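Residue-level listing of the chains:
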Amino acid sequence: MTSHKITILPGDGIGPEIMREVRRVMNWVEYAFDVSFNVTEGLIGGCSYEEHGEPLTDNTLSIARASDAILMGAVGGPQWDGKVEYAKRPEAGLLRLRKELDLFANLRPAMCFDALADASSLKHELVAGLDILFVRELAGGVYFGEPRGIEDLPGGGRVGINTQRYTDVEIIRISRVAFDMARKRSGRVHSAEKSNVMESGLLWREEVTKLHAAEYSDVALEHILADNCVMQLVKAPKQFDVILTDNLFGDLLSDAAAMLTGSLGMLPSASLGNGGPGLYEPVHGSAPDIAGQNLANPIAAVLSFAMALRYSLDMGDAADQVEAAIAKTLETGARTPDIWSEGTRRVGTHEMGDAIMTALKS
Ligand code: NAD
């Protein structure tokens, strides 16, 4: 029997509640696909700080590093905001995990389940069946570039500085991920940058073009300016399949697209590095306003597990079945409060888990 080592880091707020439902889905996959998940649970974020004085300990990091995939809930909460040293805030644990594992490729699908098409701010026909994959560079660009800081100016006043910086190597490795993903989908990539006003964007466009010509000419590549990409996302989002972009534009574009699909509680993500374990987590945060009340939507976390099956565990069939079960669950009308609308059935976190289990077993 195949065995996979999985690290689960439920984290803070709603993290533990949603990860409990993920565990049930994992048990079903073990049974249905004759695999075994060797699971180790650990602490990350505020709960780790409370226990160990650190948002991520070396021990948890080494357990995570040695696993095949890491499933995380969420970190953070008002009890730590501004009350702990900046370097020890809950989010620092997550940033350290991403950095130590060199997770440079952030995959964020923006999918609209048919049953939720009416929950979008766009017209039903624009979003029904929407299925975009954002491939966002996560380890470089303006969020990390040097020099950075806030400085006093000699004549008085201050200046804030950030530097957008990309090397050819960084651009090529993320582009490769996008082209490889496109080959497994409908074979189309839009590369979004601002080559009209930024040298880093110009280099981005040149390197993507070179790599495409040399190794991926079977994939259809279009370059698009990031500002036009935003407009097109709200005008005709279904024209896109894979969108390749940098850290900053990826942050903005994927959030805009996420909102086309309904709720934050539905959106999974994966962060991949160079062959080490991937990190799979919902896009949403720890939702302290609803934590511990059986109100959280567990679907984003379950869909993140499906991504782990597909991208880290080579179990695409199991991923397909989990995703199909989510679609089926939504068709039965089960809705946590964040996606509830008139005429549907309001359920809690655990009952949504029940509904997903029923769909999986049927
Ligand atoms: P949030 O995503 O936690 O919540 C925003 C809103 O969406 C809230 O009203 C919340 O109730 C709702 N929501 C989020 N997830 C939901 C779900 N699964 N089901 C139903 N409703 C859901 O964002 P926030 O309120 O800005 O941040 C709260 C905390 O989470 C902060 O400490 C923040 O730093 C942290 N955070 C962590 C991550 C992460 O762990 N990756 C990401 C974003 C924010």
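Our subject in this report is the structure included herewith. (Residues numbered from 1 in each chain as written. Predicted model: local features only at pLDDT ≥ 70, side-chain atom pairs only at ≥ 80, totals over all residues. Heavy atoms only, no water.)

Time to look at the overall build of the protein chain. Assigned secondary structure in the protein chain consists of 12 helices and 14 strands. Taking 362 residues into account, the globule formula puts the C-alpha radius of gyration at 21 Å, and the protein chain, at 21 Å, falls close to it. Along the longest, intermediate and shortest principal axes, the C-alpha atoms of the protein chain span 60 × 50 × 45 Å. Out of the 362 residues belonging to the protein chain, those deemed buried represent 52%. Taking the contacts inside the protein chain whose residues are at least 6 apart along the sequence as the reference set, 74% of them involve residues at least 24 apart. (Helix = DSSP H or I, 4+ residues; strand = E, 2+ residues; numbered from the N terminus. Rg over C-alpha atoms; globule rule 2.2 N^0.38 Å. Buried < 20%, exposed > 50% of the residue type's maximum accessible area, 1.4 Å probe, protein only. Contact = heavy atoms within 4.5 Å.)

Moving on, we come to the packing of aromatic side chains. Within the structure shown, the criterion is met by 4 aromatic pairs. Ring plane angle 75° and centroid distance 6.1 Å describe the contact between W28 and F33, whose orientation is recorded as edge-to-face. Using a relative accessible area of 25% as the deciding quantity, one classes F33 as partly exposed. When the ring of F179 is compared with that of Y216, the centres are 4.8 Å apart and the planes differ by 25°; the resulting orientation is stacked. (Phe/Tyr/Trp six-rings, centres within 6.5 Å; stacked < 30°, edge-to-face > 60°.)

Right, let's talk about the pairing of strand β8 (residues 188–193) for a bit. Summarising burial for β8: 5 of the 6 residues are buried, a large majority. Two strands pair when backbone bridges link them, and β8 and strand β9 (residues 220–225) are joined in this way by 6 bridges, in the parallel orientation. Residue E193 lies in a different strand from β9, and its bridge partner there is L225. Examined bridge by bridge, β8 and strand β10 (residues 242–245) share 4 bridges and lie parallel to one another. Opposite V189, over in β10, you have V242 as the bridge partner. (Pairing = 2+ DSSP bridges.)

With that settled, the discussion passes to the site of the ligand. Inspection of the region around the ligand gives 21 residues, with E91, G285, A287, D289 and N297 positioned closest. The contact in question runs from an oxygen atom of the ligand to an N or O atom on the backbone of S286, over 3.1 Å. A287 is positioned with one of its backbone polar atoms (N or O) 2.8 Å from an oxygen atom of the ligand. Expressed as a share of its isolated accessible area of 800 Å², the protein-covered part of the ligand is 68%. (Near = heavy atom within 4 Å. Polar contact = N/O pair within 3.5 Å; in protein donor to acceptor, adjacent residues only side chain to side chain. Areas by Shrake-Rupley, 256 points an atom, 1.4 Å probe, with all protein chains shown as cover.)

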